[in-house]
Amino acid sequence: MLLLRNSSKSRIFLLVNSSNKIINTHRPSSADPITTICLYSTIQPSSEIYNLNAKDIALCFKQWFKSHNTLLFDRIFNILKTHNDADPDARNAADTALSKLNLRLSESFVLDVLKYGHRNGFDVLSCLKFFDWAGRQPGFQHTRSTFYAVFKILSKARLMSVMLDFLENFMNPWWCVHRIRFYNTLVVGYAVAGKPYVALHMFGKMRFQGLDLDEFSYHVFLNALVEQGCFDAVEAIFKQISLRGFVRDITHSIMFKSMCKREKFDEAETYLEGLVSQGKAVDGHGRALGSLVDAFCKKGKFEQAGKLMEKFRDSGVVPLEYAYGVWLDSLARAEKLDGALEFLKNKKMMEGFVPDVFKYNLLVSRLLRENRLVEVFDLLTEMREDQILPDKITMNNALCFFCKAGLVDVARELYNSRSDFGLSPNGMAYNYLVNTLCSDGSTEEAFRVLKNSFQHGFFPGNKTFSLLADALCRERRIDKMKELVVIALQQNFMPSVSTYDKFIKVLCGVNMLEDGYMIHEELMRMNKVNSKSAYLCLIHGFSKSNKREIAARLLIHMQQTGHRPTRTLFSEVICCLCNMKDSEKQFMQLLEMQLSLLETDCQIYNFFIYGAGQAKRPDLARQVFEIMQRNGIEPNLSTNIYMLQSYLKTERISNALNFFDKFRERRKIPRKLYNTMIVGLCKANKVDIALEFIREMRNSGSFPSNQCYEEIIILLCMKKRFDVVITFINELEKGGFQFTSFICNVLLFHSLKNQDLYDAWIRLRDTSNETSKYSLLGQLIGVFSGCVKVDQDVENLDEVIEQCFPLDIYTYNILLMLLSKGGMDHAYELYNRMCRKGYKPNKWTLHVLIQGLLQCARTAESQRLLEKLLWKRDMLVQMDARRKNEIWDLSREDYFYQISQLRGDHFVQQ
């Protein structure tokens, strides 16, 4: 059973084999012995269902497709398409190939070939080639019908200039020896070509010479005048037809259409009623009524059109099949699909009305557009059961249906065997097939299909091309992607810039930077602009590969195309330049180019000072700072922060202190600058100086940031100066400071290692003003150090901690370390509870569990769990290595390093 994708109704395909046990609830079973496909709405558990594979489904449709017997026509048009008419040798080869088919040329055969080529989507040029070839064959002469057929094809294709050239060449004596009804052909040709006044001139010229049109030409001429809206001439030509006794049912239909075009609906209806009441000949196909129905529908008067058909239904004189077809066509084009389906169902049941293949094709294509796949399958099944011969559009609609329904194997089977029944996929079918194959993961097959579409002159939409390009990039099929771009350019198909951007990113990802840069330069020559993300990939790649000049050049190009680089990107390029031998020269050249590129502002100088600081070149940062002042740019707060950081990162503490003091002399120290100084001193392992600045800052009325307190406590704990930690905590509590989860996690972690912290807490903790929250924190430190016994279940300890401070993943990691000491049962239970609450385990979480499992007794269950955890950890390590390009150390002390990294800082462990 194959579920329909994108269908609004819940139905299932039942694929029943050729046995007589056919399950079908809505139509009689087919009598043919081949595979039958039916829809079954409700499946009972006791139903006997046979599931067939894709070949069985495709076989059913292939045998139906083969019934159209047009393989000879396909061969003719394939010969005409594959030979270039501009090349004389190719033209001779096409003539020879057609002659080898031993075609028996006749008027009816030529008309059938032209009609088949026009209706099945072959190009007009191929039809003209065949018409020209047939006219040059001995024993065959073109007739008025063949001329009219080719004129009609040209007019519908809106190739009026080609038709006019054709008629001018026809007037040359060398064009045709037989000159069959010369003026007839010219009058009909110019009329159909949209040149009614030239046609009237030719008609007058031939009448002056005593010549006259035949009955067929008169009616073609009259119809063309109606189509062009030359209603005065229509009346004159109608009078000529009447005088010659040429009035037929088709004459009434054309005049009826003239009234409809002039929107004389009442007059047209009265005219038709008069013909019926007088018993005069009316169009045997009902085209007159169909013209009026079509006119009403085009004006949106569907109700009047329906009443008109009902009015003439019981007369028995006017056939309704043509009017029904027009009504069905109009409903489909107006997107009234429910009405069209209901009308078709009723008329087929009550009156035996069966539309032609063109009406079915239109309705199926509109339903496909709306993703109404169940109805599409119903119609395809009806066409097959009613033995309606499918054409190219029918076959392409069926192929699109299987693609949209998710039956990719059936679509693949039909496409691969297309030569067996003459399937020539159109552009829509190629798009659907490529999209479906990409969604199914068959990227290489989708690539072959797209190549084939190029060879047959079909160009996919940007969406389809981008979808395949995305799939190739995702699978890193670099060679295929290159070939795809080359083929597209050879066909003058320009892929979108986003496609090129993705290709550049993939090339950068596999370290093919030169190829990516070459594509970037090609886009620059075409005045196309890469996305910002593509520039970032290129710059990052060239920076890593130490190709500094290209990275700097791309940084400038990026800004020239309107993209604004970030501070981090500047820093990356500057760090790369600072690794060169002539780093100072390269740095200053980049600064000069940057200052000449954009209007000078403080931000550009800040980016360069920040980058020099990250490269640990405070001397270059200082030079930029001085250049900035010489150019009259006043340093802002960010400038001073970056300058101070450049000294602290290289542990030039005296320079940092001097810079800070000079700033203090000029103005009051901002809070952010204090915070920068304290954090930088902690990272430089100068905790005592940092403590002095904290006290100074608090005395000045400013409050340090949480990060300042976190870095101070981390460093004091690492140095095991727990007495200072507790004294510092007492001061903070008196000031009303709310301890963060980060600080509490640090305290619990160090309590887990030994009881020194708890001893200092007991010895120095000020309990006179202690709040319940801080009292609970002290008890938790005692529990983790092993000095306080837990009265309640230890596995619920996370709920107790949550009363003290908000939990995070690092709290759970420390809890897991505590619980794993007493066995893995409680630890693994906590791990599952943590995951259920939405916490995502990190590498340290998995490491704790792995270490606990390795230390406990081995069982089959624990071994399976261990393998699972090892796999997860390795995956996280690989992802982190790709993201940060560094190897993760599994030591527990790196916990703080991980926290600092996630906060964007680098904690330097002493």
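Residue numbers here run from 1 along each chain, matching the order of that chain's written sequence. For a predicted model such as this one, the threshold for reporting local features is a pLDDT of at least 70, and the threshold for listing and counting side-chain atom pairs is 80 or more; totals across whole chains, interfaces and linings nevertheless cover every residue. To obtain the side-chain values, all non-hydrogen atoms of the structure were used and water was disregarded.

Asks: Would you mind showing me how to read the packing of helix H11 (residues 231–243) against helix H12 (residues 249–261) here?
Replies: Where H11 contacts H12, the two axes come as close as 12 Å, and the packing angle between them is 165°. Classified by the angle their axes make, H11 and H12 are roughly antiparallel. Like other packed secondary-structure pairs, H11 and H12 cross with a definite hand, here left-handed. Taking contact as the criterion, the partners of Phe231, Val234, Glu235, Phe238 and Ile241 in H11 are, on H12, Thr251, Met255, Ser258 and Lys261. Each residue receives one of three labels: charged for Asp, Glu, Lys and Arg, nonpolar for Ala, Val, Leu, Ile, Met, Phe, Trp, Tyr, Cys and Pro, and polar for the others, Gly being one of them. Partitioned by chemical class, the residues of the contact of H11 with H12 number five nonpolar, two polar and two charged. Here an angle of 0 to 180 degrees is reported between the N-to-C directions of two axes, which are lines fitted to C-alpha atoms, with helices fitted over the stretch in contact. The way it works is that DSSP assigns letters per residue, a run of H or I at least four long becomes a helix, a run of E at least two long becomes a strand, and they are numbered from the N terminus. Every angle not falling under 35 degrees, over 145, or within 65 to 115 is termed oblique; those three ranges are roughly parallel, roughly antiparallel and roughly perpendicular. The sense of a crossing depends on the near helix, which, turned anticlockwise from the far helix by less than a right angle, makes the crossing left-handed and, turned clockwise, makes it right-handed. In this analysis, two residues are considered to be in contact whenever any of their non-hydrogen atoms come within 4.5 Å of each other.

Asks: Whenever I open this one, the side chain of Arg372 confuses me. Can you help?
Replies: If you trace the backbone, Arg372 turns up in the loop between helix H18 (357–369) and helix H19 (373–385). Under the scheme applied here, a residue whose accessible area is under 20% of the maximum for its type counts as buried, over 50% as exposed, and between as partly exposed, the area being computed with a 1.4 Å probe on protein chains only. Residue Arg372 is classed as buried on the basis of its relative accessible area, which comes to 18%. Only 3.4 Å separates the side chain of Arg372 from the side chain of Glu375, close enough to count as a polar contact. Leaving out residues up to four positions away in the same chain, Arg372 has contacts with Leu337, Asp338, Leu341 and Leu367. What qualifies as a polar contact is a pair of N or O atoms within 3.5 Å, subject to a donor-acceptor requirement within protein and to the restriction that residues adjacent in sequence count only when both atoms come from side chains.

Asks: What exactly am I supposed to notice about unusual backbone geometry here?
Replies: Residues other than glycine predominantly adopt negative phi, and peptide bonds predominantly adopt the trans conformation. Despite not being glycine, Asn371 has its phi angle at roughly 60°, a positive value. The class for Asn371 is partly exposed, based on a relative accessible area of 26%. One non-glycine residue, Arg476, lies in the positive phi region at around 55°. Within the secondary structure, Arg476 sits in the loop between helix H25 (462–474) and helix H26 (478–490). Arg476 sits in the partly exposed class, given a relative accessible area of 48%.

Asks: Can you walk me through the packing of helix H21 (residues 408–416) against helix H23 (residues 427–439) in this structure?
Replies: When two helices pack together, you describe them by how their axes are tilted relative to each other and by the distance separating the axes. It is at 10 Å that the axes of H21 and H23 come closest, and there the two elements cross at 130°. As the angle between them shows, H21 and H23 are arranged oblique. With respect to the hand of their crossing, H21 and H23 are arranged in left-handed fashion. Every residue of H23 that contacts H21 at Val408, Ala411, Arg412 and Tyr415 is listed here: Tyr430, Leu433, Thr436 and Leu437.

Asks: Explain helix H29 (residues 532–544) to me, please; I cannot follow it from the model alone.
Replies: Residues separated by three or four positions in an α-helix point in the same direction, a consequence of the helix having 3.6 residues per turn. An expected span of 1.5 Å times one less than the residue number is assigned to each helix. The first and last C-alpha atoms of H29 sit 18 Å apart over 13 residues, in line with the 18 Å expected at 1.5 Å per residue. Listed as buried for H29 are Ala534, Tyr535, Leu538, Ile539, Gly541, Phe542 and Ser543. Tucked into the core, H29 has its buried residues touching helix H27 (497–509), helix H28 (513–525), helix H30 (548–560) and helix H31 (567–577). The positive-phi residue at the C-terminal boundary of H29 is Asn546, with phi of around 65°.

Asks: I keep staring at the nonpolar core and nothing clicks. Help me out?
Replies: Put simply, buried Ala, Val, Leu, Ile, Met, Phe, Trp, Tyr and Cys residues joined by side-chain atoms within 4.5 Å make one nonpolar core. The biggest cluster of nonpolar side chains holds 230 residues, and the ones touching the most others in it are Val293 and Leu747. In terms of residue count, the dominant contributor to this core is helix H45 (residues 809–820) (nine residues). Beyond its immediate stretch of four places on either side in the chain, Leu747 contacts Ile713, Cys717, Val725, Ile729, Leu757, Leu777 and Ile781. Counting 26 residues, the second-largest nonpolar core is a separate cluster that includes Leu80, Leu101, Val150 and Ile153.

Asks: For this particular structure, what's the right way to read the state of the cysteines?
Replies: Such a bond, covalent and formed between the sulfur atoms of two cysteines, is termed a disulfide. Criterion for a disulfide: a pair of cysteine sulfur atoms within 2.5 Å. Under the criterion given, the structure shown has zero disulfides. Here Cys576 is not disulfide-linked; the sulfur of Cys575 is the nearest cysteine sulfur, at 8.8 Å. Accessibility expressed as a relative area gives 4% for Cys576, which makes it buried. Its sulfur unpaired, Cys804 is 5.1 Å from the next cysteine sulfur, which belongs to Cys744. Under the relative-accessibility criterion, Cys804 is labelled buried at 7%.

Asks: Teacher, can you tell me more about the packing of aromatic side chains here?
Replies: The description of an aromatic ring pair rests on the distance of the ring centres and on the angle between the ring planes. In this scheme Phe, Tyr and Trp rings, the latter by its six-membered ring, pair at centre separations within 6.5 Å, and the angle between planes marks the pair as stacked below 30 degrees, edge-to-face above 60, and tilted otherwise. Under the defined criterion, the tally for this structure stands at 28 aromatic pairs. Note on Phe203 and Tyr218: the rings are 5.9 Å apart at their centroids and 75° apart in plane angle, and the pair reads as edge-to-face. Linking Phe203 in helix H9 (residues 196–208) with Tyr218 in helix H10 (residues 215–228), this pair joins segments that are 15 residues apart in sequence. The pair Phe203 / Tyr218 is uniform in exposure class, with both members buried. The interplanar angle of 25° and the centroid separation of 5.6 Å between the aromatic rings of Tyr828 and Tyr831 together place this pair among those described as stacked. Remark: Tyr831 and Tyr828 occur in helix H46 (residues 824–836); sequence separation between them is three residues, near one turn of the helix. Since its relative accessible area comes to 23%, Tyr828 is described here as partly exposed. The exposure class of Tyr831 is buried, given its relative accessible area of 5%.

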